[in-house]
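# Topology and contacts: notes
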Amino acid sequence: MQLPRSYEGVAVAVPVSTVRPRTTRRSVHWFFGQTLDQLIRQAGISKSDIDGLAVASYTLGPDNAASLAEYFDMEPRFILDLPYGGAAGVMAMTRAARAIQAGDASIIACLAADLAPSGYGIYSNFSAFTRDHIYPYGGGGANATFALITANYMAANGAVAEDFGRICVAQRANGAQHALTMFKKPLSMEDYLSARLIADPLRLFDCVPRCCAGEGFLVMSEDRAQSLGLPFARIGGAIERVNGYSQEPVMSHVGIAMDRDRLYNQASMSPQDMDFVQAYDDYPVIVMMQLEALGFCGHGEAPKLVREKRLTADGDLPLNTGGGMLALGQPGAAGGSLGMNEALRQLTGKSIGATVADAEAGVVSCFGTVNYDRGLCSSAAILTKGRAA
Amino acid sequence: MKRRPDLPPRTRGRFARRLTSAAARGQFELPVCQACGTVQYPVREACRSCLSDNLRWEAVAPGATMLSATIIRHSTDAYFQTLRPLGMASVRLDAGPVAMVRYDCSDGPVAPGTRLQIQNQLDRSGEAILVAVPEQAKGSSDVLRDPNRQIGGKTVLITGADGGIGKALVKALRDAGAAKIIAATRRPQESAADSVVQSLLLDVTDQAAVARAAELHGHEVDILINNAGFTAVAGLLDADTMDGATREMQVNYFGTLAMIRGFAPHFSARKQGVIVNVLSVLAHVSLPSMGSYCASKAATLSLTQGVRAELLPWGVRVCAVFPSTVDTAASADSPPPKLAPAQVASAIVTMIRDGSEESYPGAIASDLAGALRADAKAVEREMALGLPEPR
Ligand SMILES: NC(=O)c1ccc[n+]([C@@H]2O[C@H](COP(=O)([O-])OP(=O)(O)OC[C@H]3O[C@@H](n4cnc5c(N)ncnc54)[C@H](OP(=O)(O)O)[C@@H]3O)[C@@H](O)[C@H]2O)c1
Ligand SMILES: [Zn+2]
C-alpha cells in the first residue's frame, strides 16, 4: 500500500469556540473576529505571527479568506477557502499541515464560523442540483434528503428508531456536562421516541439545532508549539474521499470507507487503539456509517454495535464526547470543526466537559457538502497526544 | 416579478428549465448523450460519463422503481408549508439515473421495490416536477394538488358554444362534472337552459358586451375557454378585399384578447383560474390557402404566450389546444382526414386535468408538432408546395 508522507513535525493546538446563540444581529465577521482574538490570546502570540488563514463558512460570501485578512489587518502568505461545510474541519487541518511541512507558512489559523440561517427559502440555492432537482420537490432541506438515506439504511440493516436514539441519548448525556452546551438537560429514550416526525422516519432529535458560532485552532511546527509552551496533538494519519461510492442508488457508505486501511496503516494503529471517536453528527445514520467506515464494526453492523457499546465519555466506545452538534448546535460550516476541537481538548488535557480518562489517541471524522441526494465530502484523521521531545 | 409566497419556487437554472418544454406537452424527456447513450439526471450540459456535450432531449422510459420514500412534515418553503404533508422519494429510473420525485403519501411511504410510472408535470409556477404514480395508473394524477386542475364543481365559460367544437365542449365539460357552464353565443339559442348549462348572448368583438359579461360573471368563472373563431378561407393575396382578414383578426385575436382582459383580473385576484385558447396547428405555420386565418392564429399564439407570462406569478394557467382539421362547419370545404369535435373537447379536458399547457389532439397535429420542432422551415415549404398549381 502506497502511504502518503507522514505528518511528522506538525502540531495542532489551541482549540477555541465562541458563544453560540440561536440567532444574532451580528455579522459572521464578528464571530471570525472573536475566534481569532481567542486564538491569539490563548496561544500568547500576536496577530502578525499568523501568516496563514484557512476559512470555512457558508455565510461569509461574497467575502473570503483574503477579504478577512484585510478586515483584520493581516498579511498572510498562505490562504485557503473551504466551502465544504461539515467536511471542512479535517480538510483544513491536513492542508494546513502540508503547508507547514513545505514551509509555506509558519502558523496557520484554521477558522470556521457561520450564522444560523432563518426564514423561508434558505435551502433554495445551496447548489445547482439542489436548486434544480431537490428544492422544488417540497423544500424539505437536508432533513428530507437524510430521511431517505435513513429509511434506506433501516430497511437494509434492520436498524430501528431506538438504535438511532441510543446515539442521541448518549451524546446529550455527554453534552450536558459541556461548558458550551445548548441543553443542560439530558435526553431520555422516551423523549427521543415520542418527539414529532419531521421527515419520516426522522424525528425532532435526529435533527440538530442550528446556532451561530465560530470555531478555530492553530497548525504550526512542533518546534514552534514547544517554544510557545502550547500543549498540542500530532496527526497520525489522515484520509479524505470526495463523491465516493457514487454508484450507490441511495447513499449507504461515507466515502472514507474505501480509505480506512490507509488511515490506520499510516498511523500504525488500529480501531482498538482509539480512545474516542468524534464523528460528524448531522444525523445519527451518518454517525453509524462513520463508525462502520472507521472499522469499529462491519458495513451495516452499527445498529448492533451501538446496542452493545456504551457511547458516553466514560464508556467503552466514547463517541462525540462533547455532545456533538446535537448538544452544542450546528453553526453551519463551523460544525465541521466541533469534532476537531473536542479531540484537541481531550488530547491536550483541556476538556471543558466530560473527560475521557488518559486519552492518548482518537479519531475525528468529518462529513459534508450535501449536493443532490448525498454528502459528497468525507474526511478523517487520527490525532495523538503530543509530548515534549 | 417577485414570487408570491403562495406559489412554488421558480429558481431553476436555464438548462434545467428545459424540463418544462416536455412537461408543457405532458411528456417526459431528459438529455441523452448522443455519443454514449447515457441518460442525464440531474440534468447536465456535459455527459456525466463521456463528457460529450452532444446531448439531446429525448423521450425516456417512464418506468421506475421505488428506492426510498419520506414524508416531509416541515418545509423551509412558504408554499410547501401550506401543502404538508408532502411525499418525496428517490427512485431508480428504468432509463438509468436516480431521480427525486413527488408521490402521493396519503397511505404512508411507498415501499421500496414498488414499480412506478413517472409523469413530468407542471406545478403552479409552471416548473416541471417529476411525479411518481402507481405503474398501472391511467391518466394523470393530481399529486401536486393544484386546484387549477379540477373541473368537478367548477364554473366554465365557453365562447362560440353553438359551433361544432363549442357544442362538444359543453358536453365534455358537463360529463367531466362542471357545476355550471355558461354557453356564450352570438345568436339567441332555441334550446332552453338547464340546471348546468346557462346561455349568454355575447359577440366577442363587442368590447362593451365583453366587459359587461366579465363584470357579471367574472366572480364565478373558474375556467374560460376562448373557442369562438372565424375563418375566411382565403389566401393573403388571393382574397378580393381585406374584409375577411380583418374579421379574422377581430374575432380570433382581438376577441380572445378582450375576453382575457375582462376575466383575468378576477382570476388573478383569486390566484386561481384557467384560460384555454382554441388555436390551430396553423398558428405555427402558414397554409397559404387560408393565409390570413393562419396569421390571426399566430397572433393569438403570441398573445397566449404573453398573457401566460403575465399571469404565471398569479397562479393563473393559460393553455392552448392546437388541432388539425376538425369536422365542423368552419372546415366544410377542407379535405379529410378530420378530427371529431369530441376529440378536441376531450383533449382540452385532459389538458386541464393533467396540468400541461399545450395539447395537439390526434396523430396529424402531434406529428406536425414534432416535425415543426425538428425543422420548421421544412414544414413551411411542405405547406407552400401543397398549393394548387399557380394559375
Ligand atoms: N374546424 C377546424 O378545422 C378547426 C381547426 C383548428 C381550430 N379551429 C378553431 O376552433 C374554434 C371553433 O371552430 P369550429 O370548428 O367549431 O367552427 P364553427 O362550428 O364555425 O364554430 C365557430 C363558433 O364561433 C362563433 N363565433 C364566430 N364569431 C363570433 C363572434 N364574433 N362572437 C362570438 N362567437 C363567434 C360562431 O358563432 P356563429 O355561428 O354565430 O358565427 C360559432 O359558434 C375556432 O376558434 C376555430 O378557429 C377549428
Ligand atoms: Zn456520453
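Thresholds applied
- The numbers attached to residues start from 1 for each chain and follow its sequence in the written order.
- To label them, take the chains in the order written and letter them from A, then take the ligands in the order written and number them from 1.
- Predicted model: local features are reported for residues with pLDDT of at least 70 only, side-chain atom pairs are reported and counted for 80 or more only, and whole-chain, interface and lining totals are derived from all residues.
- As a rule here, side-chain values cover all heavy atoms of the structure and leave hydrogens and water aside.
- Runs of H or I in DSSP of at least four residues are treated as helices and runs of E of at least two as strands, each being numbered from the N terminus.
- Radius of gyration: C-alpha atoms only; globule rule: 2.2 Å multiplied by the number of residues to the exponent 0.38.
- The buried label applies to any residue whose accessible area, calculated with a 1.4 Å probe on protein chains only, is under 20% of its type's maximum; exposed applies above 50%, and partly exposed to all values in between.
- A contact between two residues is defined here by any heavy atoms of the two lying within 4.5 Å.
- Values of accessible area rely on a 1.4 Å probe in the Shrake-Rupley scheme; residue burial ignores everything except the protein chains shown.
- In this count, Lys and Arg are taken as positive residues and Asp and Glu as negative ones, while His and the chain termini are left out.
- For charged residues, the charge sits on one atom: NZ in Lys, CZ in Arg, CG in Asp, CD in Glu.
- For Phe, Tyr and Trp, rings pair up if their centres lie within 6.5 Å, where Trp contributes its six-membered ring, and each pair is then called stacked (planes under 30 degrees apart), edge-to-face (over 60) or tilted (otherwise).
- Comment: the charge-over-ring label is applied if NZ (Lys) or CZ (Arg) is within 6 Å of the ring centre and within 35 degrees of the ring normal.
- Summed over both partners, buried area is the accessible surface (1.4 Å probe) that two parts give up on being assembled.
- By definition, a salt bridge exists where a carboxyl oxygen of Asp or Glu is found within 4 Å of a side-chain nitrogen of Lys or Arg.
- Whenever two N or O atoms come within 3.5 Å, that pair is a polar contact, provided that in protein one can donate a hydrogen and the other can accept it, and provided that, for residues adjacent in sequence, both atoms are side-chain atoms.
- Should DSSP find at least two bridges between two strands, the strands are taken to pair.
- Classification remark: right-handed applies to a crossover when, strands pointing away from the viewer, the course from the first strand over the helix to the second runs clockwise.
- What counts as a domain boundary in this text is fixed by an automatic or database domain assignment.
- The nonpolar class holds Ala, Val, Leu, Ile, Met, Phe, Trp, Tyr, Cys and Pro. Asp, Glu, Lys and Arg form the charged class, and all remaining residues, Gly among them, are polar.
- Every axis corresponds to a line fitted to the C-alpha atoms, with the helix fit spanning only the stretch in contact, and the corresponding angles, defined between N-to-C directions, vary from 0 to 180 degrees.

This paragraph deals with the overall build of chain B. Per the secondary structure count, chain B includes 9 helices and 14 strands. Over its C-alpha atoms chain B spans a radius of gyration of 22 Å, differing by no more than 12% from the 21 Å that the globule rule assigns to 391 residues. Here the C-alpha coordinates of chain B stretch approximately 65 × 50 × 40 Å along the principal axes. The burial tally for chain B puts 53% of its 391 residues in the buried class. Counting only contacts in chain B whose residues sit at least 6 apart along the sequence, the fraction spanning at least 24 positions is 61%. With an accessible surface of roughly 17,400 Å², chain B has 53% of that area assigned to carbon and sulfur atoms. The distance from the centre of the 42 positive side-chain charges to the centre of the 38 negative ones in chain B is 7 Å.

Before going further, it helps to spend a moment on the overall build of chain A. Each helix and strand in chain A was counted, giving 13 helices and 11 strands. Rg of the C-alpha trace for chain A: 19 Å, near the compact-globule value of 21 Å for 389 residues, within the 12% margin. Summarising its shape, the C-alpha atoms of chain A cover approximately 55 × 45 × 40 Å along the three principal directions. Here chain A, with 389 residues, has 61% of them falling under the buried criterion. Contacts in chain A between residues at least 24 apart in sequence constitute 76% of all its contacts with a sequence separation of at least 6. Accessible area of chain A: about 14,100 Å², with a carbon and sulfur share of 49%.

Tallied over the entire structure, the rule returns 10 aromatic pairs over all chains. Residues Trp30 of chain A and Phe31 of chain A carry aromatic rings whose centres are separated by 4.8 Å and whose planes lie at 85° to one another, so their mutual orientation is edge-to-face. Of the residues examined, Trp30 of chain A reaches a relative accessible area of 26% and is grouped as partly exposed. With relative accessibility at 0%, the residue Phe31 of chain A sits in the buried group. Each ring, one from Phe322 of chain B and one from Tyr360 of chain B, has its centre 4.7 Å from the other, and the planes form 10°; the classification is stacked. Note that Phe322 of chain B is positioned in the loop between β13 (317-321) and α7 (341-354) and Tyr360 of chain B in the loop between β14 (358-359) and α8 (362-374), a separation of 38 residues in sequence. On the basis of relative accessible area, Phe322 of chain B is assigned to the buried category, the value being 1%. Put simply, the rings of Phe146, Tyr283 and Phe367 of chain A pair up and form one aromatic cluster. In this structure, Arg26 of chain A is placed above the aromatic ring of Trp30 of chain A, and the distance from its NZ or CZ to the ring centre is 4.2 Å. Positioned over the ring face of Tyr7 of chain A is Arg98 of chain A, at 3.8 Å from the centre of the ring.

With that settled, the discussion passes to the interface of chain A and chain B. With 31 residues of chain A at the interface, the matching set in chain B holds 37 residues. Roughly 3,000 Å² is buried in total at the junction of chain A and chain B, and carbon and sulfur atoms are behind 60% of that figure. Its largest share of buried area at the contact with chain B, chain A owes to His133, Tyr137 and Leu148 of chain A, together 25% of the area lost on that side. Summed over the shared surface of chain A and chain B, the number is 1 salt bridge. Arg73 of chain B is the salt-bridge partner of Asp200 of chain A, the closest N and O atoms lying 2.5 Å from each other. Between chain A and chain B we count 17 residue pairs in polar contact (both at pLDDT 80 or more) in total.

Turning our attention to the pairing of strand β9 (residues 180-185) of chain B. Residues and elements named next belong to chain B. Among the 6 residues that make up β9, 5 are buried, leaving the element largely enclosed by the rest of the structure. As paired elements, strand β8 (residues 155-158) and β9 share 4 bridges and run parallel to each other. Bridge assignment links Thr155 to a residue of β9, and that residue is Lys180. Taken together, β8, helix α3 (residues 164-175) and β9 constitute a β-α-β crossover, and its handedness is right-handed. Across 5 bridges, the pairing between β9 and strand β10 (residues 197-201) is parallel. When the bridges of β10 are listed, Thr185 appears paired with Leu201.

Moving on, we get to the environment of Ala195 of chain A. Residue and element names in this part refer to chain A. Here Ala195 is to be found in the loop between α7 (189-194) and β5 (197-199). On the accessibility criterion, Ala195 (9% relative accessible area) is buried. When residues no more than four places from it in sequence are discounted, the contact partners of Ala195 are Arg203, Leu204 and Phe205.

Taken in spatial order, the 7 strands make up an open sheet running β10-β9-β8-β11-β12-β13-β14 (chain B), and their pairing is parallel. In this open sheet, the two strands that pair with only one neighbour each are β10 and β14 of chain B.

The subject of this paragraph is the domain arrangement of chain B. Residues and elements named next belong to chain B. Assigned domains of chain B: these are domain 1 (14-145) and domain 2 (148-384). Using only C-alpha atoms to locate each centre, domain 1 and domain 2 end up separated by 31 Å. Across the domain 1-domain 2 interface, the total number found is 0 salt bridges. Connecting domain 1 to domain 2 are 8 residue pairs in polar contact (both at pLDDT 80 or more). Elements with a minimum of two residues in the side of domain 1 that touches domain 2: α1 (19-24) and β6 (115-122). In terms of residue class, the side of domain 1 that touches domain 2 is made up of 4 nonpolar, 6 polar and 3 charged.

Residue and element names in this part refer to chain A. The sheet built from 9 strands is open, its strands ordered β3-β2-β4-β7-β1-β8-β11-β10-β9 with mixed pairing. Unpaired on one side and paired on the other, β3 (78-81) and β9 (277-279) mark the two borders of the sheet. Direction aside, the axes of adjacent strands within the sheet are offset by 25° on average. Sheet topology places strand β10 (residues 361-370) next to strand β11 (residues 375-385); 9 bridges connect them, and they run antiparallel. Across the sheet, residue Phe367 finds its bridge partner in β11, namely Ser378. Strands β1 (10-17), β7 (213-221), β8 (232-242), β9, β10 and β11 of the sheet are contacted by helix α13 (residues 338-347), whose axis makes an angle of about 110° with β1.

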